[in-house]
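Below, each chain spelled out in residue letters.
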Amino acid sequence: MLLSFAKTLLRFLKKFVPTEYPIGIIKVLSITQRTFAVIATNACGKILLCGIKCTSCPTCNQTCKDFEKERCKRLDKAPYVCNGCSKKINHCTIAHKYRYDARFADHKYRELLSDSRAGINMTKRQLHQKDQIITPLIEQGQSPYQILTNHPELEMSVRSMYTYIDKGLFTARNIDLKRQPKFKPRKCHKTQIKDRTVFINRTYADFRSLDIQAHSFVEMDTVKSSRDSQRTLLTMIFTEEKLFLAFLLNRCTKGAVRAVFDRLEKRMGTFEFISVFENILTDRGSEFSDPNALETGINGIERTNIYYCDPMRSGQKGTLEQAHTLLRMVLPKGTSFEFLTQWDVNLIVNHINSTPRAILNGRTPYNVALETLGEDVLKAFQLKPITPDEVNLTPKLI
């Protein structure tokens, strides 16, 4: 009875299945799905090729020349996946199914990205050959630059050689180099701004694109105390007049910096503050991480524009860095600011601003600022001149 059912189904398929789909396809798929048991020996009419029962034939597609693999038109066009198909996955007769998983794809991408950058792009044999050349020459006192200059066949940069030596890939070590052991590890700047959105339209390139006169702006920075004190000096300098300012902060925070701005605005008046502090260039310290608060005045009026130097480019505000050298003559590195008062800071600033500068043709920053900024502004800064013979830039000043 089962045999007659199989023959009846075969006649039905031959009658109703479209001619462009060979009967071998349907037969193979039907047997694969096992929707019914076929025990006929010659179900596909190819007895001369195989001679075994269809239920036990695992290689119909290799044996039968008329076999044609079923294809899904959805996989022949973009995006070449089964996502969005109306059929359930367990009801589809296609042998190979493709499904896109965004989370899995992202995981594979990141795994490939990290693996491709791990290790070195060199075989063990190549590494051994380079080591036989490099290590003896380093032991002779030659520098990596000297070795690479005389041996271009090594095909690596000086930085790569230092990196390989530091990782221990060569027999030579850092201790074998002439100058490497003398270098201190680079400082890790943990207090830099983490929110990069604050730099939008405030970078050094944006600052350079401003239509302003040369050096007619203010540079701002902070000078840290020794480790036993959290007090900090907020420093500023007017680059045209070389007028130096310093304000004592109990904590190096963005709130403390804003408090100084608000205090100056109250002394000077909002519109005078806007004219004096039109553009300010500073570094990327965390104490300057809220530019909107610094730019907005106590009355909600925009009082200044804050711009940031590029990372690790303190030379972009070199005028202020040079003024710090005068400050360090009075407050050497390692000095604690714990017992300083704002009166002491003002005294130091007055002596610095009363020092003649060659770039000002022998004039003092105070006298130049008196002409350009006015006496009222200097009073708001609590500045006064010091007679030339009384100027003292040593720690004995305080």
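As a reminder, the structure under discussion sits directly above these lines.
Residues numbered from 1 in each chain as written. Predicted model: local features only at pLDDT ≥ 70, side-chain atom pairs only at ≥ 80, totals over all residues. Heavy atoms only, no water.

Undergrad: Mind laying out the packing of aromatic side chains, listing which residues take part and the relevant values?
TA: Tallied over the entire structure, the rule returns 10 aromatic pairs. Taken together, a centroid distance of 4.8 Å and an interplanar angle of 80° make the contact between Phe-207 and Phe-217 edge-to-face. Of this pair, Phe-207 sits in helix α8 (residues 204-208) while Phe-217 sits in the loop between α8 and β1 (218-224), and the two are 10 residues apart along the sequence. With a relative accessible area of 4%, Phe-207 lands in the buried category. (Phe/Tyr/Trp six-rings, centres within 6.5 Å; stacked < 30°, edge-to-face > 60°. Helix = DSSP H or I, 4+ residues; strand = E, 2+ residues; numbered from the N terminus. Buried < 20%, exposed > 50% of the residue type's maximum accessible area, 1.4 Å probe, protein only.)

Undergrad: Please set out the sheet that holds strand β4 (residues 279-282) residue by residue, giving values where relevant.
TA: Read across the sheet, five strands follow the order β3-β2-β1-β4-β5 without closing on themselves; strand pairing throughout is mixed. Of all the strands in the sheet, just β3 (243-249) and β5 (305-308) have a single pairing partner and so form its edges. Across the sheet, the axes of successive neighbouring strands diverge by a mean angle of 25°, strand direction being ignored. As paired elements, β1 and strand β2 (residues 232-238) share seven bridges and run antiparallel to each other. Opposite Glu-219, over in β2, you have Ile-237 as the bridge partner. (Pairing = 2+ DSSP bridges. Axes fitted to C-alpha atoms, helices over the stretch in contact; angles between N-to-C directions.)

Undergrad: I'd like a rundown of helix α7 (residues 158-166), residues and numbers included.
TA: Listed in full, the buried residues belonging to α7 are Met-161, Tyr-164 and Ile-165. The buried side chains of α7 occupy one side of the element, clustering within an arc of 100° when seen end-on. Opposite the buried face of α7, at more than 90 degrees from it, the exposed residues are Arg-159 and Asp-166. On the buried face of α7, the contacting elements are α5 (124-139) and α6 (144-150). The first or second residue beyond α7 is Gly-168, which carries a positive phi of 80°. (Arc of directions from axis to C-beta. Contact = heavy atoms within 4.5 Å.)

Undergrad: Can you lay out unusual backbone geometry for me, pointing to particular residues and giving the numbers?
TA: Residues other than glycine predominantly adopt negative phi, and peptide bonds predominantly adopt the trans conformation. Backbone torsion omega between Ala-78 and Pro-79 reads 5°, so that peptide bond is classified as cis. Take Pro-79: it is sitting in the loop between α3 (60-63) and α4 (102-116). Here Glu-155, not a glycine, exhibits a phi torsion of approximately 55°, which is positive. Tracing the chain through its elements places Glu-155 in the loop between α6 and α7. Despite not being glycine, Asn-361 shows a phi value in the positive range, around 60°. With respect to the helices and strands, Asn-361 occurs in the loop between α13 (342-353) and α14 (365-372). What makes Asn-361 exposed here is its relative accessible area of 72%.

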